[in-house]
Structures are given as C-alpha cells and as structure tokens.
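Take a look at the letters that make up each chain.
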Amino acid sequence: MASLSLKHIYKKYPGGVVAVSDFNLEIKDKEFLVLVGPSGCGKSTTLRMIAGLEEITEGELYIGDTLVNDIVPKDRDIAMVFQNYALYPHMTVYENMAFGLKLRKTPKEEIKRRVEEAARILDINHLLDRKPKALSGGQKQRVALGRAIVRQPKVFLLDEPLSNLDAKLRASMRTELTKLHKRLETTFIYVTHDQVEAMTMASRIVVMKDGLIQQVDTPQNLYDLPCNLFVAGFIGTPQMNFVTAKLSQKGSDLVLTFGNNCIKLPADKANNPALKEYIDQEVVMGVRPECVLEHEEHLKKFADSTMTASVEVTELMGAEIYLYLSFDGQEDATAGKNIIARVSSRSKARAGDTIKVALDTERMHLFDKDTEKCILH
C-alpha cells in the first residue's frame, strides 16, 4: 500500500501554456481521493503525471518514500483504468486481464489464480472466454478494472471510467467501485467532471479550476463550507443560487436588499466581525435550493426572510419538485437565471403561480463580489 506526496507540481507546455500550477497534496494510504472540476481544469493531466504518462515540468512526486519523477510508468507500481477501457479486441477477456502479468513473466498458475479471483470479485467469471466486441459497456468497464486488479498495484488511477455508461449503470458502478475500494484496501485516485460521482464515492475531494487547486476537503465540508464562489456553484445539484445584494445596517440589524426585497440576517451571522467592512457594499448571497422554503411552518420560522416569487417553470423529479422562481424587482440572479427551490413533491405550486417563499438564513453563505472568496457560512 502507498501514500503519495505531490510537492509544487507544475505542467507547462510549449508556448507558455500552464496546465497545472503549484499543485501540493498529501494523499493518504488507502484513501479514495477524487479530482473534480470542469473540462480543461488539469485533473487528467495531474493523473497522467502520477502515472508517468506526462512528464512533470517542475516539482516532486513521491509514491511512499520514493521520488518517482524519473521512474518509468511500469516501475511505479500503479495501475490505470482509462475512459475508453483500452481492451485488445483480438484477445479474450481472460487474455486481456492476464496480458500485463505475462509481460512481467508471472508464472501461469499465479496468473490463473489472480485472473479468476479478480473475475469473481467483479462477477465476470462467465465472460472470460468472450472477446470485447461481445461485451456491453458495463462489462467492458469491469474487464478494464479486472486488468488493473490482477496487477495488485499500490495505487489505482481511474480517469473518468464511468463516463461512457448510461445513467442507471453509472449509479450501480459507483456503488461497485466503492465496495471494491473497501475490499482491496488500496489507494484510489479518481478523476471525474461529475460532482455526483465525487460526492458519493470520495473520502476527500480536490476541486480544480484552471490548473489550480480551489479546495481539498471531505464531500460534506465542500457542500456546507465552500471556500469560494466557484466551489459553491460547482458542488451540489441543482447548483447553489447566487444573488447580488447590498449589505446595510438598519438600526441594530444587518439586512440584505435585492430588487424590492429586504431580508434580515440572523444574530449569529450579523455579529460576525468579517461583515463590518462590507456594510453599504454589494456582496453575493448564496442559498442552496433546499434552503428556499415554501411550507407554512418555514414561512413562520423565517418571517424575516420571506418574499413573493413567481413560479416560471416546475420540474417533477419524483420525490421532489424543482421550482424555477423569479422575484419582484429582481435584477441579478446567477447572471439572469431563475432562483431554484427544491421542494416536496406534494407542493401545490404550478407554473404561473405567485407564491410566498422564505430563505433559510441560518444556512446562507455570503461571498466577496470581487475576490469571490467566502466571507460567511
């Protein structure tokens, strides 16, 4: 088993393009770490540098106590699972899984034992004689995982391995991968642009943007305590609602005004010294969809933050409904988009209705409009 240490890692391409910048991270032994971010943020490049498939421009990469910058991929004791599976079409499943071991001159009996054990773990025993063209996408994915498992590496690297699967299969494979990680007790480093995959599988998540680490934390902390506007908007489905509002002093209270609406901050937030320098300035208010409330008891509880909204669109999601709302006098909400409320499927609200909603100000976030850093959770 192995921990990894990435110290001041850079990846620069000719022409001055910097794909990864000053990447610093300690990855614990047996951790399930997920790199997440939009396309082009540098997450796959980082994974390929760990694998040895991309040269590190600057910095040091350690696997365990060994500096591996100049060690070739085959000697790093890692296994990589690619997005496109990369199976040999002319070989059977057994031959595909055994191929890496044959190159290492592993004894035949040992190869047979490892392949059969991996096939049993992944429930593909019945596919060992088939060729890839006779397999479904999910089966090919399992074979690609099996080929990595038989190597018994210190570190598994997975580059968007579920992106070619349909939604139902992706959900079941997420569960299978989590079980596999617990069973193998190996370090997993997983790259995805799908934050649902990141939230459901990771022990820790690295959020990246433009080659830079934005935040490294547990899934729950990323959701509840985002460090900036980008992380807040990237983590969570539907994404957090953002509204530009003016922070003002009204007697002994602090209030936020936007459009024709004025909401009072709860005492514990209003007393935060970080807010003093923002009085009479615009800030960005962030509210999760589940914190936009329409139930009678919530309207009473959050009477200081109720407002009238027009329902423009409703989306029934089965157990819940997404309401797309516009507010009276609304000028700026997520660059002109509606504010989304996630409410119970028993909600009576329909498109065209005017309803009362309250914001859960206890779970509200405030961000600096210029730096986009979080001021207040």
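Residues numbered from 1 in each chain as written. Predicted model: local features only at pLDDT ≥ 70, side-chain atom pairs only at ≥ 80, totals over all residues. Heavy atoms only, no water.

Another aspect to go through is the side chain of R142. Tracing the chain through its elements places R142 in helix α4 (residues 137-149). Of the side chains with opposite charge, E176 lies nearest to the buried R142, which makes no salt bridge, at 4.4 Å. Contact partners of R142, with chain neighbours within four places excluded, come to L122, D123, I124, M173 and E176. (Helix = DSSP H or I, 4+ residues; strand = E, 2+ residues; numbered from the N terminus. Buried < 20%, exposed > 50% of the residue type's maximum accessible area, 1.4 Å probe, protein only. Lys, Arg positive; Asp, Glu negative; His and termini not counted. Salt bridge = Lys/Arg side-chain N within 4 Å of Asp/Glu carboxyl O. Contact = heavy atoms within 4.5 Å.)

Taken in spatial order, the six strands line up as β13-β12-β11-β14-β20-β21 in an open sheet, and their pairing is antiparallel. Edge positions in the open sheet fall to β13 (261-264) and β21 (374-376), since each of these has one partner strand only. Taken pair by pair, the neighbouring strands of this sheet meet at an average axis angle of 40°, ignoring direction. As paired elements, strand β11 (residues 241-250) and strand β14 (residues 281-287) share seven bridges and run antiparallel to each other. Of the residues in β14, the one forming a bridge with V243 is M285. (Pairing = 2+ DSSP bridges. Axes fitted to C-alpha atoms, helices over the stretch in contact; angles between N-to-C directions.)

Next up on the list: the packing of aromatic side chains. If you walk through the whole model with that rule in mind, you get seven aromatic pairs. Residues Y88 and F99 carry aromatic rings whose centres are separated by 5.0 Å and whose planes lie at 65° to one another, so their mutual orientation is edge-to-face. One end of the pair, Y88, is in the loop between β6 (78-81) and α2 (93-103); the other, F99, is in helix α2, and 11 residues separate them in sequence. By relative accessible area, which is 34% here, Y88 ends up partly exposed. Judged by relative accessible area, which is 25%, F99 ranks as partly exposed. Seen from their ring centres, F230 and F234 are 5.6 Å apart, and the 20° between their planes marks the pair as stacked. Separated by four residues within a single helix, F230 and F234 lie in helix α8 (residues 229-234), roughly one turn from each other. Of the two residues, F230 and F234, both sit in the buried class. (Phe/Tyr/Trp six-rings, centres within 6.5 Å; stacked < 30°, edge-to-face > 60°.)

Bringing the pairing of strand β3 (residues 32-36) into the picture now. The two faces of the sheet receive side chains in turn, since in a regular strand these alternate between them. In terms of residue burial, β3 counts as a mostly covered element, since five of its five residues are buried. Neither face of β3 is left uncovered, since the one carrying F32, V34 and V36 and the one carrying L33 and L35 both have all their residues buried. Sheet topology places β3 next to strand β8 (residues 187-192); five bridges connect them, and they run parallel. When the sheet's bridge partners are listed, V34 is paired in β8 with Y190. Note that β3 and strand β9 (residues 204-209) share four bridges and pair parallel. Residue L35 lies in a different strand from β9, and its bridge partner there is V206.

Closest axis-to-axis distance for the α4/helix α5 (residues 167-184) pair is 12 Å, and the angle between their directions is 15°. Here α4 lies roughly parallel to α5, going by the angle between them. Of the two possible hands of crossing, α4 and α5 adopt the one that is right-handed. Side by side, α4 and α5 meet where G138, Q141, R142, L145 and I149 of the first sit next to L169, M173, E176, L177, L180 and L184 of the second. Split by residue class, the contact of α4 with α5 holds seven nonpolar, two polar and two charged. (Parallel < 35°, antiparallel > 145°, perpendicular 65-115°, else oblique. Left-handed = near helix turned anticlockwise from the far one by under 90°. Nonpolar A, V, L, I, M, F, W, Y, C, P; charged D, E, K, R; others polar.)

This next bit is on the confidence of the model for the protein chain. Taken as a whole, the protein chain shows an average pLDDT of 91; of its residues, 97% reach a score of 70 or greater. Between residues 332-336, whose pLDDT stays under 50, and residues either more than four places distant or in other chains, the model counts nine contacts. (pLDDT = per-residue confidence, 0-100.)

This part takes up the pattern of salt bridges. Here the structure, examined in full by the defined rule, presents 18 salt bridges. K12 is the salt-bridge partner of E58, the closest N and O atoms lying 2.8 Å from each other. Taken together, the residues span a long stretch of sequence, with E58 in strand β4 (residues 58-63) and K12 in strand β1 (residues 4-13) at a distance of 46 residues. You can call E58 partly exposed: its relative accessible area is 37%. A relative accessible area of 35% places K12 in the partly exposed class. For the salt bridge of R113 with E117, the shortest nitrogen-to-oxygen distance reads 3.5 Å.

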